[in-house]
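Here's the letter readout for the chains.
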Amino acid sequence: MLFNLRQAAFALNCYIAAMLGLYVSMRIGLERPFWAMTTVYVVSHPLTGAIRSKSFYRVIGSFLGATFVLAIVPKFDNAPLFLCMILALWVSFCIFVVMLDRSPRSYIFFLGIVTASVIGFLSVETPINIFYIASLRVQEICFGVVSAGFVHSVLFPHSVTNLLAKQLDQILKDCERWANHALAGDMTDIDEADRQHLTVDLTNVHFLGTHIPYDTSGLRPTRMALAAVQDQIILLMPVIAAMEDRTREIDDAGGMSSEITAYVESVRQWVIAPPADDAAEASRLIARGNVLGEKLTVENWRELLELNMIGRLRHLIEALQSTRLLVEAVSHPDEHPPAMIAALSSAHRVRSMHRDYGMAALTAFTLFSIVMMISCFWIGTSWPNGATGCLMAVMSFGLSAQGGDPIKTQTNYLIGAFIGVVLAGFYLFAVMTQIHEFELVMLTLFPVLFVTGYLTADQKYLPTVRPFIVVFNLTMAIHPAYSADFELYFNNGLAIVAGVGGSLIGIKVMRVIGADMMIRRLLQSGWRDLASTLRRPGTPDIVDWSSRMLDRIGLMAPRISAISPDQTGIRDDGIRDLRIGICMLRLRQLATRVDETVRHQITTLAQAIAGYYDELSHSPNMESSEAILTDIDKVIDSFVDLHNSIDRREGLTALVSLRRNMFPEAPGFIKQRRLA
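Residues numbered from 1 in each chain as written. Predicted model: local features only at pLDDT ≥ 70, side-chain atom pairs only at ≥ 80, totals over all residues. Heavy atoms only, no water.

Participant: Just checking my understanding: could you explain the packing of aromatic side chains for this structure?
Facilitator: Describing an aromatic ring pair means giving the distance of the ring centres and the angle of the ring planes. Per the stated rule, a full pass over the model turns up 18 aromatic pairs. A ring pair is formed by Phe446 and Phe450, whose centres lie 5.3 Å apart and whose planes are at 25 degrees; its orientation type is stacked. Taken together, the positions of Phe446 and Phe450, both in helix H17 (residues 438-456) and 4 residues apart, correspond to about one turn of that helix. What makes Phe446 partly exposed here is its relative accessible area of 31%. Residue Phe450 is classed as buried on the basis of its relative accessible area, which comes to 19%. (Phe/Tyr/Trp six-rings, centres within 6.5 Å; stacked < 30°, edge-to-face > 60°. Helix = DSSP H or I, 4+ residues; strand = E, 2+ residues; numbered from the N terminus. Buried < 20%, exposed > 50% of the residue type's maximum accessible area, 1.4 Å probe, protein only.)

Written out as structure tokens, the structure reads:
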């Protein structure tokens with residue numbers, strides 16, 4: 001691993017913030033100043049805006065958790081097991097909300113979990129002076145939050161805006177590279193992993209954008225611009241995916257005409273090397289495509305495919321041109337946006353994300369069960385350190401719940417916690433005995449805290465390093481006066497490892513859903529969503545639905561690597577369903593502009609496809625019905641005879657894509673001749 005200056009600056013900031021929180025807490029006489037130091041490493045993030053947004057919500061969450069504990073502990077001080085059950089219900093409710101809301105707002109409930117656990121479980125057996133204890137814990141945690149926010153904002157701040165601009169620029173380049181290969185008919189350098197990675201990147205951009213209001217940069221892009229650029233990329237990705245198939249199918253049907261071939265090559269050159277007058281060239285290419293489309297008689301399947309290709313190219317040009325302008329506006333928010341950007345940005349929306357209520361409920365029930373099992377053992381055996389075990393079980397579970405593989409994440413947490421206990425013991429009984437001044441404490445802790453901060457900035461090491469530093473700080477339990485009791489250290493260390501280990505066992509017992517089942521669950525959620533969207537009356541919102549589908553595909557990506565090679569066939573389903581849904585929703589939009597007969601045909605087709613996806617959610621291996629193919633061909637036949645050239649072109653573009661995605665092996669469409 002090469003030394004990274006950005007990570008080193010982050011590590012130094014974490015160390016300074018931790019020492020600041022520890023020193024201030026000691027100076028004002030707080031009882032457990034090590035909580036401030038621990039909190040710094042929990043809330044710190046390489047991006048300054050992320051720290052500020054999380055810190056704001058975490059302070060609110062700390063007060064929320066403390067308020068809940070103050071409300072319930074005095075009422076149940078004589079019933080410790082019942083009090084543990086109330087606390088278990090609270091942390092389960094909070095984790096349910098955290099699982100559903102992946103925005104910074106969820107940190108309100110995450111800190112509600114942590115604060116309530118720190119105060120509540122440690123007060124079950126000694127509820128006296130609960131208000132005093134709660135006020136101390138909230139102060140210590142808030143000092144850590146404020147110290148982290150202050151230091152990271154002042155020293156070596158890392159702007160969210162700059163990183164967001166870089167990520168959007170990379171997504172744009174990846175889309176252009178993908179489109180170039182699709183138009184050239186050469187997909188050897190683009191594999192499924194690249195496409196899955198794009199959806200993950202887009203989701204990351206969404207969550208980065210939520211931190212923009214708290215960024216240190218003086219000039220920040222507006223939320224409307226961020227929403228608009230995400231909308232355009234959401235529309236762009238399935239268009240590129242569709243062009244791969246059309247290129248191959250046209251080649252199989254006899255190849256494109258020379259005019260269409262020249263047009264495709266012109267668009268490809270515009271994609272890879274946009275001219276100075278990018279917008280003007282885009283308009284010229286769209287107009288040229290419209291002229292070519294008017295020339296097609298669509299009397300055979302090859303011409304229908306060519307018309308579809310022209311329509312997809314028009315969508316590509318429009319979406320790519322808009323994306324380029326919006327990425328530029330995000331990268332340079334100080335420049336006045338053109339009128340087109342302002343129009344695209346005016347339709348601001350909150351991006352729709354996937355929510356799995358069933359999995360959130362299962363996660364909450366799992367945490368409740370873990371807490372109750374440990375609590376019953378603790379209260380039943382009068383285990384002196386049972387509160388610490390409960391606390392660590394809740395904290396470790398909360399930090400790993402949103403991971404792609406909770407069992408693997410929790411295992412890493414157990415390893416990190418064990419290392420933290422061992423190293424803290426070495427410091428307590430071999431190093432700290434010789435230290436009597438705060439300056440020497442700072443110097444002695446520097447190697448461990450700096451290395452920890454450095455590794456925390458790397459996502460690969462975060463699942464192991466974060467529990468290590470939390471456990472190390474809690475086990476060290478630095479006070480104004482040195483005190484070390486081996487029996488206390490051993491019992492606390494045992495309780496910490498037992499709590500994290502108990503959480504791991506609970507996850508293994510209760511969460512029997514593997515990576516392959518999670519992928520199927522995400523796919524089935526998408527199928528049910530598509531079926532209900534197709535049945536919903538009114539004009540459908542394509543971007544809103546596509547956003548949820550792309551989010552599901554992004555959630556599948558980190559889990560796909562965990563499944564065996566013989567299961568890789570499920571990888572294409574997400575993108576395929578996305579394309580089918582977009583085609584059908586476009587037809588639903590067109591239904592308002594055609595006559596009653598064609599409208600009825602579209603409605604019948606939508607109901608048939610909705611029924612297919614309903615059945616697919618129960619029988620994932622079910623094939624498409626031939627009746628649906630017949631319905632599609634009937635609608636194609638009707639659109640071929642439409643007089644309105646725009647509706648005809650849009651409808652046939654969507655219908656040919658729908659036919660190819662649902663029935664890739666079916667023979668080409670043949671127009672039904674009508675008797676005069």
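Participant: Looking at this structure, I do not really get the pattern of salt bridges. What am I missing?
Facilitator: Opposite charge on two side chains permits pairing when their charged atoms draw close. As enumerated under the stated definition, the model contains 19 salt bridges in all. With a closest N to O distance of 2.9 Å, Glu281 and Arg284 form a salt bridge. Within this pair, Glu281 and its partner Arg284 are both found in helix H11 (residues 278-295), separated by 3 residues, close to a single helical turn. Owing to a relative accessible area of 21%, Glu281 belongs among the partly exposed residues under this scheme. Here Arg284 falls in the partly exposed class, since its relative accessible area comes to 44%. For Arg593, the salt bridge identified is with Asp647, shortest N-O distance 2.8 Å. You can see Arg593 sitting in the loop between helix H22 (573-590) and helix H23 (596-618) and its partner Asp647 sitting in helix H25 (residues 645-662), a full 54 residues away along the chain. When its relative accessible area of 48% is taken as the criterion, Arg593 is described as partly exposed. Members of the salt-bridge network, linked through shared partners, are Asp529, Asp544, Arg548 and Arg552. (Salt bridge = Lys/Arg side-chain N within 4 Å of Asp/Glu carboxyl O.)

Participant: Please explain the layout of surface pockets as it appears in this structure.
Facilitator: Of the volumes computed, that of the second largest pocket is approximately 1,200 Å³. If you trace the second largest pocket, you find 45 residues lining it, with Arg32, Phe34, Leu474, Ala477 and His479 closest to the centre. Elements with a contribution of two residues or more to the lining of the second largest pocket: helix H2 (34-43), helix H5 (106-120), helix H6 (130-154), helix H15 (386-400), H17, helix H18 (462-476) and helix H19 (486-510). Of the residues belonging to the lining of the second largest pocket, the class tally is 30 nonpolar, 9 polar and 6 charged. (1 Å grid on protein atoms, 1.4 Å probe; cavity = no way out; pocket = protein on both sides within 12 Å on 5 of 7 lines; lining within 4 Å. Points joined across faces, edges and corners; volume = space filled by probe spheres on them. Nonpolar A, V, L, I, M, F, W, Y, C, P; charged D, E, K, R; others polar.)

Participant: What is the right way to look at empty space enclosed by the protein in this model?
Facilitator: To find leftover empty space, a probe the size of one water molecule is rolled over the atoms. Applying the stated criterion across every chain, the model contains 6 cavities of 30 Å³ or more. In this model, the largest cavity occupies a volume close to 120 Å³. Broken down by element, the lining of the largest cavity gets its largest block of residues, 5 residues, from H2.

Participant: Honestly, the packing of helix H16 (residues 406-431) against H18 in this entry has me stumped. Any pointers?
Facilitator: Remark: H16 packs on H18, axes separated minimally by 7 Å, with the N-to-C direction vectors making an angle of 35 degrees. Considering how the two elements wind past one another, H16 and H18 form a crossing that is right-handed. Its residues assigned to classes, the contact of H16 with H18 shows 15 nonpolar, 6 polar and 1 charged. (Axes fitted to C-alpha atoms, helices over the stretch in contact; angles between N-to-C directions. Left-handed = near helix turned anticlockwise from the far one by under 90°.)

Participant: It is not clear to me how the side chain of Arg588 should be interpreted in this structure. Could you clarify?
Facilitator: In this structure, Arg588 sits in helix H22. Within the buried set, Arg588 has no salt-bridge partner at all; the shortest N-O distance to an opposite charge, 11 Å, is to Asp529. A distance of 3.4 Å separates the side chain of Arg588 from the backbone oxygen of Thr533, its partner in a polar contact. Excluding its chain neighbours within four sequence positions, the residues that come into contact with Arg588 are Thr533, Leu534, Arg535, Arg536, Pro537, Gly538, Pro540, Ile602 and Ala606. (Lys, Arg positive; Asp, Glu negative; His and termini not counted. Polar contact = N/O pair within 3.5 Å; in protein donor to acceptor, adjacent residues only side chain to side chain. Contact = heavy atoms within 4.5 Å.)

Participant: In this structure, what is going on with the environment of Asp201? I would like to understand it.
Facilitator: When you line up the elements, Asp201 lands in helix H8 (residues 192-209). The spacing of Asp201 and Leu168 is 33 residues in sequence and 8.6 Å in space, taken between C-alpha atoms.

Participant: Help me out: how do you make sense of the packing of H17 against H18 in this one?
Facilitator: Contact geometry of H17 with H18 gives a least axis separation of 9 Å together with a crossing angle of 150 degrees. Looking at the two axes, H17 sits roughly antiparallel to H18. Between H17 and H18 lies a crossing of left-handed hand. Seen from H17, the contacting residues are Leu445, Val448, Leu449, Thr452, Leu455 and Thr456; seen from H18, they are Leu462, Val465, Phe468, Ile469, Phe472, Asn473 and Met476. The residue inventory of the contact of H17 with H18, partitioned by class, reads 10 nonpolar, 3 polar and no charged. (Parallel < 35°, antiparallel > 145°, perpendicular 65-115°, else oblique.)

Participant: Just checking my understanding: could you explain the nonpolar core for this structure?
Facilitator: Considering soluble globular proteins, one finds that nonpolar side chains tend to be buried as a cluster. Grouped together as the largest cluster of nonpolar side chains are 100 residues, with contacts concentrated most on Leu316, Leu605, Phe639 and Leu658. With 14 residues, helix H12 (residues 301-331) is the largest single contributor of residues to this core. In this structure Leu316 touches Ala179, Leu183, Leu236, Val239, Ile240, Met243, Val267 and Val271, once residues within four positions along its chain are discounted. Membership of the second largest hydrophobic core comes to 98 residues, among which are Ile72, Leu100, Val371 and Cys390. (Core = buried A, V, L, I, M, F, W, Y, C linked by side-chain atoms within 4.5 Å.)

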